[in-house]
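So the chains spell out like this:
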Amino acid sequence: MQQQNYNNHVRYYAPHHFIFYPILLVGIILSLRQVFVHPDNTEWVAITGLFILTGWLSFMLRQHYALINQNRIVRLEMRFRYFVLTGQRLEPLENQLTFGQIAALRFASDSELPELVQRAISENLSPKTIKQSIEHWLPDTMRV
């Protein structure tokens, strides 16, 4: 497996991204074509609407539950790592960080994490800036 870094950390789920969504997109395009070829036929409008609704719902539901659970796990992981590294609890600092910042900090190596937490708070670093500041990337290959 290729070593993970800022440029390659996005993950795709092949059945959804490369099979289901392309088929759904083709269905939307073909049904939209039929709407314009047969404007008096309202059934194609309904079919197109169903395709669009199916795509939107599948995207939202697929991610909703998994992301909520993943966010809780990321927060717990960061609390544990920060405590192990510093002997101090992260909870008092969490209200000064957004979840996006906390999620970005999880990619920092143990040697960089405590200092980067302080920088994120004092300089209000964006998640993107935090990720770009990491010199020794700690990969997360188990994301949803």
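Structure first, text after, so check above.
For clarity, every value in this text was computed on a predicted model and none was experimentally measured.

Novice: How should the overall build of the chain be read in this particular structure?
Specialist: The number of helices and strands found in the chain is 6 helices and 0 strands. When the elements of the chain are put in sequence order from the N terminus, they spell out α-α-α-α-α-α. For the chain, the C-alpha radius of gyration of 21 Å lies well beyond 15 Å, the compact-globule estimate for 144 residues. Its C-alpha atoms put the chain at 70 × 35 × 25 Å along the principal axes. Put simply, the chain has 144 residues, and 30% of those count as buried.

Novice: What is the right way to look at helix 5 (residues 113-123) in this model?
Specialist: Since the α-helix advances by 3.6 residues per turn, residues separated by three or four positions end up pointing in the same direction. For helix 5, every residue scored as buried is listed here: Leu113, Leu116, Val117, Ala120 and Ile121. The arc enclosing the buried residues of helix 5, seen along the axis, measures out at 135°, which places them on a common side. Facing away from the buried side of helix 5 by more than 90 degrees, the exposed set consists of Glu115 and Ser122. Elements that come into contact with the buried residues of helix 5 comprise helix 2 (42-86), helix 3 (91-94), helix 4 (99-105) and helix 6 (127-133). Phi turns positive one or two residues past the end of helix 5, at asparagine 124, with a value near 50°.

Novice: Just checking my understanding: could you explain the environment of threonine 42 for this structure?
Specialist: If you trace the backbone, threonine 42 turns up in helix 2. Sequence spacing of threonine 42 and histidine 17 is 25 residues, and the spatial spacing of their C-alpha atoms is 30 Å.

Novice: Can you help me understand the side chain of glutamate 94 in this one?
Specialist: Relative to the helices and strands, glutamate 94 is located in helix 3. The exposure class of glutamate 94 is buried, given its relative accessible area of 10%. Excluding anything up to four places from it in sequence, glutamate 94 contacts Arg75, Arg79 and Ile102.

Novice: For this particular structure, what's the right way to read the packing of helix 1 (residues 14-37) against helix 2?
Specialist: Relative placement of two packed helices is described by the angle separating their axes and the distance separating the axes. Running from amino to carboxyl end, helix 1 crosses helix 2 at an angle of 160°, the nearest separation of the two axes being 8 Å. Regarding the angle of helix 1 to helix 2, the classification is roughly antiparallel. Where helix 1 crosses over helix 2, the handedness of that crossing is left-handed. Facing helix 1, whose interface residues are His16, His17, Phe20, Tyr21, Leu24, Gly27, Ile28, Ser31, Leu32, Gln34 and Val35, helix 2 presents Trp44, Val45, Ile47, Thr48, Phe51, Ile52, Thr54, Gly55, Ser58, Phe59 and Arg62. Taken together, the residues that form the contact of helix 1 with helix 2 break down as 12 nonpolar, 9 polar and 1 charged.

How each quantity is defined
Residues numbered from 1 in each chain as written. Predicted model: local features only at pLDDT ≥ 70, side-chain atom pairs only at ≥ 80, totals over all residues. Heavy atoms only, no water. Helix = DSSP H or I, 4+ residues; strand = E, 2+ residues; numbered from the N terminus. Rg over C-alpha atoms; globule rule 2.2 N^0.38 Å. Buried < 20%, exposed > 50% of the residue type's maximum accessible area, 1.4 Å probe, protein only. Arc of directions from axis to C-beta. Contact = heavy atoms within 4.5 Å. Axes fitted to C-alpha atoms, helices over the stretch in contact; angles between N-to-C directions. Parallel < 35°, antiparallel > 145°, perpendicular 65-115°, else oblique. Left-handed = near helix turned anticlockwise from the far one by under 90°. Nonpolar A, V, L, I, M, F, W, Y, C, P; charged D, E, K, R; others polar.

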